[in-house]
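Chain residues, written in single-letter form:
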Amino acid sequence: MCQASRRKSRFSRYRSHYTDEAGFVEDVASICRAQSIGLVLPSHNETEILSRHRDQLAPGQDALLPDAAHCALFNDKARSYKFAKSCGVPVPLRVEYADVNELADTLSELGWQRCVIKLRTGNSAKGVFYAQSPIEAADTVRKLIRDFDLPPDRLPQVEEYVSGEGWGCSVLYWHGRRVASFTHRRVREKIATGGTSTLRETVMNSMIEPAALRIFDEIGWHGLAMSEWKVCPDTGRFWFVEVNPRMWGSIALPISAGVEFPYLAWLCATEGEEAARAYQAQSVVRHPWRSRWLLGDLTVGARQLVSGDLRSAYTTLFQANADALDDFFWDDPLVFFGELGVYIENVVKGRSLNPVEKGMIG
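Residues numbered from 1 in each chain as written. Predicted model: local features only at pLDDT ≥ 70, side-chain atom pairs only at ≥ 80, totals over all residues. Heavy atoms only, no water.

1. Let's talk about the sheet that holds strand β2 (residues 115-118)
Under the convention used in this document: Strand pairing requires that DSSP identify at least two bridges connecting the strands. Counting from the N terminus, the helices are the DSSP runs of H or I reaching at least four residues and the strands are the DSSP runs of E reaching at least two.
Here we have four strands laid out as an open sheet, ordered β1-β4-β2-β3, and antiparallel in their pairing. Two strands close off the open sheet at either side, each with one partner strand: β1 (94-95) and β3 (128-131). Pairing geometry for β2 and β3, over four bridges, is antiparallel. Across the sheet, residue I117 finds its bridge partner in β3, namely F129.

Pasting the structure below:
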């Protein structure tokens, strides 16, 4: 979407990190050399790849990259689950199994009907599936093993279904020390069962915030990250979902609310973490505050219209009550249309409103 922005100085193309990891790293390093780029700030799953190949970047260009081993841990849902549990953080119950033929019986013995099935790598609800019975769960696992050619050490994770609201706690750490944090609640999501939020708001939560910081403190995190949680609004119980060890999709909310994570990260790298803390200390953080992903809400509203749910569609499209938009700016409107063009292209190629690129999940 930034290719269409009037504020860009220039842009370059590089090979996909999903299909050509070596070529991607080579392209990024070459672009940095040609354009005298001093810092690399990746925005999505390429973060782990660049961290793993940081030796191919010039000294100092990798200052904003997290530790590759930490990225690998959090990008693996099984390992991140175990790590969070070891930190004393509540996690959904998980079934351990080695033979999928015994899975249905195990779930029946536990009394589980509904459960969640996750591939060990995925994002934005990609690689997450739901089963309404033990038999359906076993059939789903068999299909995933077959479709993704999963080895015995990469079996899908089977968890209890926990009901609640989606929450996020985002952080900037500098070599193990917290510089800034921010908490939000998801008001609406592109997919009803979870995934990228289209509307979210700033809300403090005295339960998940200490739990999130415990995870990042324990691992000695460096860089930007967001932890995801489920919170039951009736009981207050909460469960760890995952950590995105990178920038996150709803980062426009803290930026517009007064926690400018990318700028704070740049300050840490160029002037030191104390400069970033001083800047944040004098910033006004807006509470309450809502931001909206406009294209995502248009997608949700269109789906509701097609299904005949006119009341929900009207609420989604016209009653967001947002204070800021993620992707539409009156002084830079082509950004939105650039985003729209890329999204339509991906939907057509992937034949899905939540398209998956080869290598993205598994």
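2. Some remarks on helix α11 (residues 294-306)
The cut-off we apply is this: Helices are assigned an expected span. That span is 1.5 Å times one less than the residue count. Burial classes: relative accessible area under 20% of the type maximum marks a residue as buried, over 50% as exposed, and values in between as partly exposed (1.4 Å probe, protein chains only). Contacts are residue-level and defined by heavy atoms, with any inter-residue pair within 4.5 Å sufficient.
For α11, built from 13 residues, the straight-helix expectation of 18 Å at 1.5 Å per residue is met to within 8% by its first-to-last C-alpha distance of 18 Å. Regarding α11, the residues found buried are L294, L295, G296, D297, T299, V300, G301 and Q304. Contacts made by the buried residues of α11 are with β6 (177-189), β7 (197-202), β10 (290-292), α12 (310-318), β11 (324-325) and α13 (334-350). One or two positions beyond α11, positive phi appears at G308, with a value near 90 degrees.

3. Points about a negative patch on the surface
This is how it is decided: Within the patch definition used here, like charges are joined within 9 Å and nonpolar side chains (Val, Leu, Ile, Met, Phe, Trp, Tyr) within 5 Å, considering only residues with over 30% relative accessible area and no salt bridge. All accessible-area figures derive from a Shrake-Rupley calculation using a 1.4 Å probe, and residue coverage is judged against the displayed protein chains alone. Salt bridge, as used here: a side-chain nitrogen of Lys or Arg that lies within 4 Å of a carboxyl oxygen of Asp or Glu. As used throughout, the charge tally considers Lys and Arg to be positive and Asp and Glu to be negative, leaving His and the chain termini uncounted. A single reference atom marks each charge: NZ on Lys, CZ on Arg, CG on Asp, CD on Glu.
Together, D99, E102, D105 and E109 give the surface a local cluster of negative charge. With respect to the helices, strands and loops of the structure, E109 is situated in helix α5 (residues 103-110). We classify E109 as exposed; its relative accessible area is 70%.

4. Things to note about the packing of aromatic side chains
Note the threshold: Classification of ring pairs rests on two measures: the distance between centres of Phe, Tyr or Trp rings, Trp counted by its six-membered ring, which must be within 6.5 Å, and the angle between planes, read as stacked under 30 degrees, edge-to-face over 60 and tilted in between. Think of it as a cone above the ring: NZ of Lys or CZ of Arg counts as a charge over the ring if it is within 6 Å of the ring centre and within 35 degrees of the ring normal.
Here the structure, examined in full by the defined rule, presents 16 aromatic pairs. Ring plane angle 80 degrees and centroid distance 5.5 Å describe the contact between F336 and F337, whose orientation is recorded as edge-to-face. Ring pairing ties together the aromatic residues F74, F83, Y173, F216 and W221, which thus form one cluster. Across from the ring centre of Y81, 3.7 Å away, lies the NZ or CZ of R94, which sits over that ring. Positioned over the ring face of W289 is R286, at 5.1 Å from the centre of the ring.

5. Thoughts on the pattern of salt bridges
Across all of its chains, the model carries 26 salt bridges by this definition. One salt bridge in this structure joins R185 and E165, with 3.4 Å as the shortest N-O distance. Of this pair, R185 sits in strand β6 while E165 sits in strand β5 (residues 165-174), placing them 20 residues apart in sequence. Residue R185 is classed as buried on the basis of its relative accessible area of 18%. R185 is the partner of E201 in a salt bridge, and the nearest nitrogen-oxygen pair spans 2.4 Å. Taken together, the residues E201 in strand β7 and R185 in strand β6 connect sequence positions 16 residues apart.

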